[in-house]
Amino acid sequence: MTFLDNEQDFIQRLSTSSTKEDAFKELLKLYKERLYWHIRHIVKSHDDADDVLQNTFIKVYKNIHNFKGDSKLFSWMYRIATNESISHINKNAKRAQFSSEELQQYTISNLEADVYFEGDEIQYKLQQAIAILPEKQQLVFNMKYFQDIKYKDMSVILDTSEGALKASYHIAVKKIEAYLTQD
Amino acid sequence: MTKRKLDNIKTSGFKTPKDYFSQVEEQILNDIHLKDKVSNSGFEVPDSYFESLEDTIFSKIKTESNTKVISLLSWRKLMYASAIAAAMVLMFNVYFNPSETVTFEDLQTVSIENYVEQEDFTSYELASLLTEDELNTGNFITTQLSEDSIENYLLDNATIEELITE
């Protein structure tokens, strides 16, 4: 998962003001797409994903000096992205006076009209099936199914044991299968 | 000898969780079936979104760090804030003070006395507020007067003419 050869050096460059900008550009190049897709699968719409992605990188830039190095840089960034996505959803829900589950159902029902959703019937149904899962199972499913993130890495990002993650994923797959074949 | 020992070891000692093989089969098949049906999420991004993203983020960081930070606690603002706060306190006191019910015990005896003195009550009106029991004479005359003192009082203060006319 990590594409950085020497993470210690890289973090050093990120925290030194003279090299910060160049190092940050490299970081952007390396992670923008992966983080984008991670966020997009949580928040669903492109505009929300764009907002959250920018906030995530700005947070990384501003808080790099707080990064202790007790986990890998990518898992720290994924954790920020995950938290930002969830709080973005909660914020939207609060503004619309919905529960976050209601907001998710509403977002999914709007997908068909979304110009950046090119899915056909089955992909639309898949999104409906995901939306019914509990939050943690959704995260695990999205990360494993669409991004193929290793359980080992996921375990650091979501702060959950590998065993629990595997179980969550298989339960999620089973539920989704059942949903897709029910009619 | 060693050969015979090795022959005796029939298992490796490794074990699997209970029902692992029946579960793993189901899990793999579920996964394959699902991936056959839907391999991607269907989400797309606008053209050249990722190309322009870096510039967008950088310009955001720059504008944020260039924005002059104005302290929220400037003297003038503090003054406004305290003025508003004072006005609010006053307003609450004046308009929203819940009308406290004053009990009879809260009144000072002096206030009652003053009230009774200043208002134009006749003793009959006051008496009508009291019950028969409360109205026994013992409550009004606290000192027992001897007949001598009454006589002296009348001799000193009243003239016979007055007494006759009454």
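Scroll up to find the structure this text is about.
The following paragraphs examine the structure supplied in this document. (Residues numbered from 1 in each chain as written. Chains lettered and ligands numbered in written order. Predicted model: local features only at pLDDT ≥ 70, side-chain atom pairs only at ≥ 80, totals over all residues. Heavy atoms only, no water.)

## Some words on the interface of chain B and chain A
1) Next: Facing the 27 residues of chain B at the interface are 40 residues of chain A.
2) Next: Broken down residue by residue, the surface that chain B buries against chain A is led by F43(B), F50(B) and F58(B), which jointly contribute 21%.
3) Next: Put simply, chain B and chain A have four salt bridges between them.
4) Next: With its nearest N and O atoms 3.5 Å apart, the salt bridge here joins K62(B) to E21(A). (Contact = heavy atoms within 4.5 Å. Buried area = accessible area lost by both parts, 1.4 Å probe. Salt bridge = Lys/Arg side-chain N within 4 Å of Asp/Glu carboxyl O.)

## Details of the nonpolar core
1) Next: Residues F24(A), L27(A), L73(A), F141(A) and I176(A) are the most contacted members of the largest nonpolar core, which totals 63 residues.
2) Next: Ignoring sequence-local partners within four residues, the contact set of F141(A) consists of L126(A), I130(A), F146(A), Y169(A), A172(A), V173(A), I176(A) and L34(B).
3) Next: One finds I108(A), L111(A), Y124(A) and F43(B) within the second-largest nonpolar core, a separate group that totals six residues. (Core = buried A, V, L, I, M, F, W, Y, C linked by side-chain atoms within 4.5 Å. Buried < 20%, exposed > 50% of the residue type's maximum accessible area, 1.4 Å probe, protein only.)

## Details of a nonpolar patch on the surface
Residue and element names in this part refer to chain B.
1) Next: Among the surface-exposed residues, W75, M79, Y80, I84, M88, L90, M91, F92, V94 and Y95 lie close enough to one another that they form a single nonpolar patch of about 1,200 Å² accessible area.
2) Next: Secondary-structure assignment places I84 in helix α4 (residues 75-95).
3) Next: Under the relative-accessibility criterion, I84 is labelled exposed at 54%. (Patch = residues over 30% accessible without salt bridge, like charges linked within 9 Å, V, L, I, M, F, W, Y side chains within 5 Å. Areas by Shrake-Rupley, 256 points an atom, 1.4 Å probe, with all protein chains shown as cover. Helix = DSSP H or I, 4+ residues; strand = E, 2+ residues; numbered from the N terminus.)

## Thoughts on unusual backbone geometry
1) Next: The backbone of Q97(A) shows a phi angle near 55°, a positive value even though the residue is not glycine.
2) Next: Take Q97(A): it is sitting in the loop between α4 (73-95) and α5 (100-110).
3) Next: Here Q97(A) falls in the exposed class, since its relative accessible area comes to 72%.
4) Next: Here S48(B), not a glycine, exhibits a phi torsion of approximately 50°, which is positive.

## What to know about the packing of aromatic side chains
Residue and element names in this part refer to chain A.
1) Next: Under the defined criterion, the tally for this structure stands at 17 aromatic pairs over all chains.
2) Next: On the basis of an interplanar angle of 20° and a centroid distance of 5.9 Å, the ring pair of F141 and Y169 is categorised as stacked. You can see F141 sitting in helix α7 (residues 135-146) and its partner Y169 sitting in helix α9 (residues 162-181), a full 28 residues away along the chain.
3) Next: A residue is classified by how much of its surface remains accessible, and Y169, at 2% relative accessible area, is buried. (Phe/Tyr/Trp six-rings, centres within 6.5 Å; stacked < 30°, edge-to-face > 60°.)

## So, the packing of helix α2 (residues 17-43) of chain A against helix α3 (residues 46-63) of chain A
Residue and element names in this part refer to chain A.
1) Next: At a closest axis distance of 9 Å, the pairing of α2 and α3 adopts a crossing angle of 145°. Taken as a pair, α2 and α3 cross one another with a handedness that is right-handed. Contacts between α2 and α3 involve K20, F24, L27, L28, Y31, K32, L35, Y36, I39, R40 and V43 from the first element and H46, D48, A49, D50, V52, L53, T56, F57, V60 and Y61 from the second.
2) Next: Classifying every residue of the contact of α2 with α3 gives 14 nonpolar, two polar and five charged. (Axes fitted to C-alpha atoms, helices over the stretch in contact; angles between N-to-C directions. Left-handed = near helix turned anticlockwise from the far one by under 90°. Nonpolar A, V, L, I, M, F, W, Y, C, P; charged D, E, K, R; others polar.)

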